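# Geometric and topological summary
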Amino acid sequence: MKIAVVPGDGIGQEVVPPVLDVLALLGEEFGLGIEYEVFGWGADQWLSSGVGLPEGALDMLSAQYSAVFLGALGDPRIPDMAHGRDILLGMRRGLDLYVNHRPLTLPTGVVDVYRENTQGLYAGVGGTVLQGGLAGVAIDECVYTRPTVEKFVRYCLRRLAEEERGRVVLVHKSNAVPHTGRLWQEVFRRELEDFPQLEGSEEYVDSFCYNLVRDPSPYEGVVTSNLFGDIISDIGAALMGGLGLAASASICPETEFALFEPVHGSAPDIAGKGVANPYAALLSLAMMLDHLGHGGPSAVLRRALAGALRSDAATPDLGGRGTTALFTAEVTTRITRELDDRGRPRRAGAEEVRHA
Ligand code: NAD
Ligand code: IPM
Ligand code: MN
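These numbers come from a predicted model, not from an experiment.

A word on the domain arrangement of the protein chain. When its domains are assigned, the protein chain resolves into domain 1 (1-97 + 252-356) and domain 2 (102-241). Just the C-alpha atoms count here: the centres of domain 1 and domain 2 sit 26 Å apart. Counting each side, the surface lost to burial between domain 1 and domain 2 is near 1000 Å², with a carbon and sulfur contribution of 54%. For domain 1, the biggest contributors to the area lost against domain 2 are R92, R93 and V263; these three give 49% of the whole. On the surface where domain 1 and domain 2 come into contact, there are one salt bridge. Ionic pairing is found between K151 and D96, a salt bridge with its closest N-O pair at 3.0 Å. Ranked by residues supplied to the side of domain 1 that touches domain 2, first place goes to helix α4 (residues 82-94) with three residues.

Quick look at the structure:
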């Protein structure tokens, strides 16, 4: 099995090496058989050659790879983020990764935010009428199609039901944005009928954000459109303690192809200083391992991450004095220690052979 790795820009370049180190360690210990290839898609390549997502990349990814791991995109030299839209939104849309799962682990419990990832205000429909060289009329259309909303909502409800979550809220803005709002409400109400075990509700996005910040405890599952999900996931990251902690998976349920990335961006303010928190990227690796059917190694990694967070190695964004390297070393030490304590799976097997 092969993974495509795109470190990207800024701290993407700093949080991906820890992911590859931990993947190598877990791969060796558990015999995961995951190979990877690194791709240099990002700002430097865009500026030097004008290429974002190279020609044929989508076909190559779906034919030869099981998943993408992405660090972050974004560079002050490209203020309109044209390369980021080409590469990141290009993969999300081009590979039909319409489910974006962004779990929020809060002191009050886990809130599973599900964001539609390919349409809405990100559909790429719009244009600008120039007046005297400036944007005079600007249009970004919010486009939703019933099949996409249906398959998205159905998938989210099925996952929430399987994971025995009890409540799910549709977050929308149908009072001000009535056309797509109505489509979402119709679909949500219809699909909920097939999941009597889930208690559904609907909230306007403004009041939802207000309620989430005041008291997240009532929320379990959140289903929402593209831009609202983007904003809610950053608010949720702040509630967790920072963007250094928030992980995500973008999935196409039909093909099972998926892209894993931290929620944060390239963080130009701290890039190059060696202090980026690799937790979000490493937690995204745990989500990738779960998705690829490696729940055991993922659980080991999640325990190591939780322990490292409470240690002296925590990075400055969390008030600690650690660095990216120190935090990563703390995680790998904890993984190794846990496997030592319980007897390593592969090493134990090899010894049995020798003694036989
Ligand atoms: P950002 O997420 O990069 O940073 C916001 C703040 O959070 C900054 O103060 C940053 O230092 C901090 N932060 C983020 N991740 C951190 C980490 N791992 N450890 C410690 N601190 C961390 O958002 P921004 O500054 O608005 O965007 C910077 C660039 O990234 C822009 O070009 C933007 O378009 C892009 N961006 C890309 C992605 C992505 O690739 N998925 C996501 C968001 C933003
Ligand atoms: C995210 C980012 C992206 C998004 C940007 C970089 C296009 O903010 O992954 O949350 O809006 O989806
Ligand atoms: Mn975002």
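That shown, we press on.
Attention now moves to the sheet that holds strand β3 (residues 67-72). Sheet architecture is open: 10 strands sit in the order β2-β1-β3-β12-β11-β4-β5-β10-β8-β9, paired in mixed fashion. Each edge of the open sheet is held by one strand with a lone partner, namely β2 (35-38) and β9 (199-204). Ignoring which end each strand starts from, the neighbouring axes of this sheet average 20° apart. Two strands pair when backbone bridges link them, and strand β1 (residues 2-8) and β3 are joined in this way by five bridges, in the parallel orientation.

Position of F257 relative to the elements: it lies in the loop between β11 (247-251) and β12 (258-262). Using a relative accessible area of 6% as the deciding quantity, one classes F257 as buried. If sequence neighbours within four positions are ignored, F257 has contacts with L61, S62, Y65, S66, A67, V68, L95, L97, S250, I251 and C252.

Judged by nonpolar contacts, the single largest core of 81 residues is most densely connected at L285, L301, V331 and I335. Ranked by residue count, the leading element in this core is helix α9 (residues 279-291), at nine residues. For this core, the two domains that each supply at least three residues are domain 1 (1-97 + 252-356) and domain 2 (102-241). Not counting residues within four places of it along the chain, the set of residues in contact with I335 comprises V22, L25, L26, V300, L301 and A304.

Turning our eyes to something else, we now look at the packing of α9 against helix α10 (residues 295-309). Where α9 meets α10, the axes come as close as 8 Å, and the angle between the chain directions of the two elements is 160°. Taken together, the axis directions place α9 and α10 in an arrangement best described as roughly antiparallel. For the crossing formed where α9 meets α10, the hand is left-handed. Residues Y279, L282, L283, L285, A286, M287, L289 and D290 of α9 pack against G295, P297, S298, L301, R302, L305 and L309 of α10.

Moving on: the site of ligand 2. With respect to spatial proximity, the complete set of residues near ligand 2 consists of M81, R92, R102, R115, Y122 and D230. Within the contact set of ligand 2, an oxygen atom lies 2.6 Å away from a side-chain nitrogen or oxygen of R92. Within the side chain of D230, a nitrogen or oxygen atom sits 2.8 Å from an oxygen atom of ligand 2. Its free accessible area being 320 Å², ligand 2 has 77% of it covered by the protein chains.

Moving on, we come to the pairing of β2. Here β1 runs beside β2; their pairing, made up of four bridges, is parallel. Across the sheet, the residue bridging to V5 is V38, located in β2.

Surveying the vicinity of ligand 1 reveals 21 residues, the closest of which are L73, G265, A267, D269 and N277. Here an oxygen atom of ligand 1 and a backbone polar atom of G265 are 2.7 Å apart. One of the backbone N or O atoms of N277 is found 2.9 Å from a nitrogen atom in ligand 1. For ligand 1, the accessible surface in isolation is 800 Å², of which the surrounding protein chains cover 67%. Classifying every residue of the shell around ligand 1 gives 11 nonpolar, six polar and four charged.

Calculation criteria
Residues numbered from 1 in each chain as written. Chains lettered and ligands numbered in written order. Predicted model: local features only at pLDDT ≥ 70, side-chain atom pairs only at ≥ 80, totals over all residues. Heavy atoms only, no water. Domains from an automatic or database assignment. Buried area = accessible area lost by both parts, 1.4 Å probe. Salt bridge = Lys/Arg side-chain N within 4 Å of Asp/Glu carboxyl O. Helix = DSSP H or I, 4+ residues; strand = E, 2+ residues; numbered from the N terminus. Pairing = 2+ DSSP bridges. Axes fitted to C-alpha atoms, helices over the stretch in contact; angles between N-to-C directions. Buried < 20%, exposed > 50% of the residue type's maximum accessible area, 1.4 Å probe, protein only. Contact = heavy atoms within 4.5 Å. Core = buried A, V, L, I, M, F, W, Y, C linked by side-chain atoms within 4.5 Å. Parallel < 35°, antiparallel > 145°, perpendicular 65-115°, else oblique. Left-handed = near helix turned anticlockwise from the far one by under 90°. Near = heavy atom within 4 Å. Polar contact = N/O pair within 3.5 Å; in protein donor to acceptor, adjacent residues only side chain to side chain. Areas by Shrake-Rupley, 256 points an atom, 1.4 Å probe, with all protein chains shown as cover. Nonpolar A, V, L, I, M, F, W, Y, C, P; charged D, E, K, R; others polar.

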